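Results of the structural survey
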Amino acid sequence: MEGIDIAALSTSMSTSNLLTDVSFALCKMAMEDMEVNSEGLRKIMEQSVTPHIGQNIDISV
């Protein structure tokens, strides 16, 4: 009967927990960046809107 290597199991679990924590941190950073970028895009789009342009056409022949 083989014994369980507690040290290896502990190391493996710690590594797994660390990788999970790092993954969550990266996802959080990416989400924050997307939020900032989308806010900037929204502001740019609001500034580019000129409702009076295109309503009247002057045609002279």
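For the structure itself, consult the block above.
Residues numbered from 1 in each chain as written. Predicted model: local features only at pLDDT ≥ 70, side-chain atom pairs only at ≥ 80, totals over all residues. Heavy atoms only, no water.

Next up on the list: the overall build of the protein chain. Scanning the protein chain from terminus to terminus reveals one helix and zero strands. The C-alpha atoms of the protein chain give 28 Å as radius of gyration, which overshoots the globular expectation for 61 residues (10 Å, by more than 25%). Along the first, second and third principal axes, the C-alpha set of the protein chain runs to 100 × 20 × 10 Å. For the protein chain, buried positions account for 0% of its 61 residues. About 6,100 Å² of surface is accessible on the protein chain, with carbon and sulfur atoms providing 63% of the total. (Helix = DSSP H or I, 4+ residues; strand = E, 2+ residues; numbered from the N terminus. Rg over C-alpha atoms; globule rule 2.2 N^0.38 Å. Buried < 20%, exposed > 50% of the residue type's maximum accessible area, 1.4 Å probe, protein only. Areas by Shrake-Rupley, 256 points an atom, 1.4 Å probe, with all protein chains shown as cover.)

In this section: a nonpolar patch on the surface. A contiguous nonpolar surface patch, about 450 Å² in accessible area, is contributed by Ile4, Ile6, Leu9 and Met13. Turning to its location among the elements, Ile6 is positioned in helix α1 (residues 6–48). Given a relative accessible area of 59%, Ile6 falls into the exposed group. (Patch = residues over 30% accessible without salt bridge, like charges linked within 9 Å, V, L, I, M, F, W, Y side chains within 5 Å. Salt bridge = Lys/Arg side-chain N within 4 Å of Asp/Glu carboxyl O.)

The next point concerns the pattern of salt bridges. This structure, assessed with the given rule, holds two salt bridges. A salt bridge links Arg42 to Glu39; the shortest N-O distance between them is 2.4 Å. Remark: Glu39 and Arg42 occur in helix α1; sequence separation between them is three residues, near one turn of the helix. Overall, the relative accessible area of 36% leaves Arg42 in the partly exposed class. In this structure, Arg42 engages Glu46 in a salt bridge whose closest nitrogen and oxygen atoms are separated by 2.4 Å.

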